[in-house]
Amino acid sequence: MRWLELFSGIGGAAAALGARGEVVRAVDQSPYAGRVYRHNYDHPLESWNLAGVRKQQVAGADGWWMSPPCQPFTVRGNQRDLDDPRCRPLLRLLTLLPEVAPRALALENVATFRTSRARRHLLEVLDAAGYHHRELDLCPTALGVPNRRRRYYLVASREPLPPHPEPEQVGRPLSAYLDAEPDPSLYVEERLRQRYRHALPVVDADDPTAVTYCYTSAYGRSPVHAGSYVRDAQGVRRLSPREILRLLHFPETYALPPGLERARAWSLVGNSVSVAAVRHVLAPLLPR
Ligand SMILES: C[S@@+](CC[C@H](N)C(=O)[O-])C[C@H]1O[C@@H](n2cnc3c(N)ncnc32)[C@H](O)[C@@H]1O
């Protein structure tokens, strides 16, 4: 199938599709995400604002992947839902959907999207246009991955959807995702450890049952509520962007461009998707 990767970020959906689908065009207005995307993929990437996208610009593909901004549905983003201007690109795409009528589509968002007006509108558009759909609430921990990232997913198709396979256990213990020689600058200062000693989420690097919290775009900026730290023989440290990409199950061949600041990389990686989870979600739409 030929896919459009909309709100493509750093290309989590392209990584999940791999050789089982062809991305014919990716769209994201962020130049920073675009720089990382282009470093990894050859297919066309456009920096259009999807809030004003035209029919011809999204025509000609079999499938749409959409990862629209999640802030309208988060407490931190004030949960303004459809009244948030950041919903405009999704609304624009839903206006075009019945006319363009791709064979299939899939969407990812935060778990709270499920109770939103945006989700109700999405389902009304799909029903009116004759799509079959299935919603999933999936965390990579269900696939054995030691990282929480619970998300709302939807798959839709003009033909009836085959059942989802049982979740495949693709995860490994946390230690398998960590660098053998961590960068010394990742270790946190004693001052910060003391200040947040009751709040810092720390897991032991060699604990085979350790599960890390969801890494968000604020990792490295916010000491708490942005993802776990690991304790090893040298001390307590943050995970590198590379290690987080591994936890998200990006392939080892995926690379961050040289010179990309670590803070920027954390932000982009924290906005991305669990490739393992997306692969499971897309399974009924992909060739075996
Ligand atoms: C949740 S992130 C998607 C991340 C992506 N799935 C990945 O694997 O990295 C949402 C993306 O939508 C992009 N975006 C937000 N508003 C947009 C708009 N109006 N037009 C195009 N892209 C937009 C952001 O730049 C961001 O990369």
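Remember, it's a predicted structure, so these values are computed and weren't measured experimentally.

The rules behind these values
- Residues numbered from 1 in each chain as written.
- Predicted model: local features only at pLDDT ≥ 70, side-chain atom pairs only at ≥ 80, totals over all residues.
- Heavy atoms only, no water.
- Domains from an automatic or database assignment.
- Contact = heavy atoms within 4.5 Å.
- Buried area = accessible area lost by both parts, 1.4 Å probe.
- Near = heavy atom within 4 Å.
- Polar contact = N/O pair within 3.5 Å; in protein donor to acceptor, adjacent residues only side chain to side chain.
- Areas by Shrake-Rupley, 256 points an atom, 1.4 Å probe, with all protein chains shown as cover.
- Buried < 20%, exposed > 50% of the residue type's maximum accessible area, 1.4 Å probe, protein only.
- Helix = DSSP H or I, 4+ residues; strand = E, 2+ residues; numbered from the N terminus.
- Pairing = 2+ DSSP bridges.
- Right-handed = clockwise from strand over helix to strand, strands pointing away.
- Axes fitted to C-alpha atoms, helices over the stretch in contact; angles between N-to-C directions.
- Phe/Tyr/Trp six-rings, centres within 6.5 Å; stacked < 30°, edge-to-face > 60°.
- Lys NZ or Arg CZ within 6 Å of the ring centre and 35° of its normal.
- Parallel < 35°, antiparallel > 145°, perpendicular 65-115°, else oblique.
- Nonpolar A, V, L, I, M, F, W, Y, C, P; charged D, E, K, R; others polar.

1. Brief notes about the domain arrangement of the chain
In many analyses, interface size is given as the accessible surface area lost on bringing the parts together.
For step 1, the next point in the chain: Assigned domains of the chain: these are domain 1 (2-168 + 274-285) and domain 2 (174-268).
For step 2, the next point in the chain: Placing a centre on the C-alpha atoms of domain 1 and another on those of domain 2 gives a separation of 26 Å.
For step 3, the next point in the chain: Counting from both sides, the interface comprises 22 residues of domain 1 and, opposite them, 26 residues of domain 2.
For step 4, the next point in the chain: Interface area, domain 1 with domain 2, both sides summed: about 2,200 Å², of which 60% is carbon and sulfur.

2. A few points about the site of the ligand
For step 1, the next point in the chain: The local shell around the ligand holds 18 residues, among which Ile 10, Gly 12, Asp 28, Asn 49 and Ser 272 are the closest.
For step 2, the next point in the chain: Between the ligand and Gln 29, the relevant distance is 3.2 Å, taken from a nitrogen atom to a main-chain nitrogen or oxygen of the residue.
For step 3, the next point in the chain: In this structure, Ser 67 approaches the ligand through a side-chain N or O atom, which is 3.0 Å from a nitrogen atom.
For step 4, the next point in the chain: Burial of the ligand by the surrounding chains reaches 88%, relative to a free accessible area of 600 Å².

3. A word on unusual backbone geometry
Glycine aside, negative phi is the norm for most residues, and most peptide bonds take the trans geometry.
For step 1, the next point in the chain: If you check the backbone angles, Gln 79 has positive phi at about 50° while not being a glycine.
For step 2, the next point in the chain: One non-glycine residue, His 225, lies in the positive phi region at around 60°.
For step 3, the next point in the chain: Judged by its relative accessible area of 66%, His 225 is exposed.

4. As for helix H8 (residues 275-282)
For step 1, the next point in the chain: Burial runs high along H8: seven of the eight residues are buried.
For step 2, the next point in the chain: Along H8, the residues classified as buried are Val 275, Ala 276, Ala 277, Val 278, His 280, Val 281 and Leu 282.

5. Here we look at the pairing of strand E2 (residues 22-27)
For step 1, the next point in the chain: The pairing of strand E1 (residues 2-6) with E2 spans five bridges and is classified as parallel. Bridge pairing in E2 links Glu 5 to Ala 26.
For step 2, the next point in the chain: Here E2 pairs with strand E3 (residues 45-46) via two bridges, running parallel. Bridge pairing in E3 links Val 27 to Glu 46.
For step 3, the next point in the chain: Taken together, E2, helix H2 (residues 31-40) and E3 constitute a β-α-β crossover, and its handedness is right-handed.

6. A closer look at the sheet that holds strand E9 (residues 229-232)
For step 1, the next point in the chain: Reading across the sheet, the three strands line up as E8-E9-E10 and stay open at both edges, with mixed pairing between neighbours. Two strands in the sheet have a free side with no partner beyond their single neighbour: strand E8 (202-204) and strand E10 (235-237). Here the average twist between neighbouring strands, direction ignored, is 30°.
For step 2, the next point in the chain: As judged from the three bridges shared by E9 and E10, these two strands associate in the antiparallel manner. Following the sheet pairing, Arg 231 is matched in E10 by Val 236.

7. Description of the packing of aromatic side chains
For step 1, the next point in the chain: Under the criterion given, the structure shown has eight aromatic pairs.
For step 2, the next point in the chain: Between the aromatic rings of Phe 113 and Tyr 152, the centroid separation amounts to 5.0 Å while the plane-to-plane angle is 50°, which identifies the pairing as tilted. Taken together, the residues Phe 113 in the loop between strand E5 (104-110) and helix H4 (117-128) and Tyr 152 in strand E7 (residues 151-157) connect sequence positions 39 residues apart.
For step 3, the next point in the chain: Owing to a relative accessible area of 0%, Phe 113 belongs among the buried residues under this scheme.
For step 4, the next point in the chain: Tyr 152 sits in the buried class, given a relative accessible area of 1%.
For step 5, the next point in the chain: Site record: aromatic cluster; members linked through ring pairs are Tyr 37, Tyr 41, Phe 250 and Tyr 254.
For step 6, the next point in the chain: Taking NZ or CZ as reference, Arg 158 lies 5.1 Å from the ring centre of Tyr 131, over its face.
For step 7, the next point in the chain: Directly above the aromatic system of Tyr 177 lies the positively charged group of Arg 172, at a separation of 4.5 Å from the ring centroid.

8. A closer look at the packing of helix H3 (residues 88-100) against H4
For step 1, the next point in the chain: Across the interface, H3 lies against H4 with an axial gap of 9 Å and an inter-helix angle of 10°. As summarised for this structure, H3 and H4 are arranged roughly parallel, according to the angle between their axes. Between H3 and H4, the residues in contact are Leu 91, Leu 94, Leu 97 and Pro 98 and His 121, Leu 122, Val 125 and Leu 126, respectively.
For step 2, the next point in the chain: Tallied by class, the residues present in the contact of H3 with H4 amount to seven nonpolar, one polar and no charged.

9. Examining the sheet that holds E3
For step 1, the next point in the chain: Taking strand neighbours across the sheet as the criterion, the seven strands line up as E3-E2-E1-E4-E5-E7-E6 in an open arrangement whose pairing is mixed. What marks the edges here is a single partner per strand, and that holds for E3 and strand E6 (132-138).

10. Considering the side chain of His 249
For step 1, the next point in the chain: Residue position: His 249 is located in the loop between helix H6 (241-247) and helix H7 (262-270).
For step 2, the next point in the chain: A relative accessible area of 14% places His 249 in the buried class.
For step 3, the next point in the chain: There is a polar contact of 2.8 Å between the side chain of His 249 and the side chain of Tyr 177.
For step 4, the next point in the chain: Excluding its chain neighbours within four sequence positions, the residues that come into contact with His 249 are Val 145, Val 170, Gly 171, Arg 172, Tyr 177, Val 275 and Ala 276.

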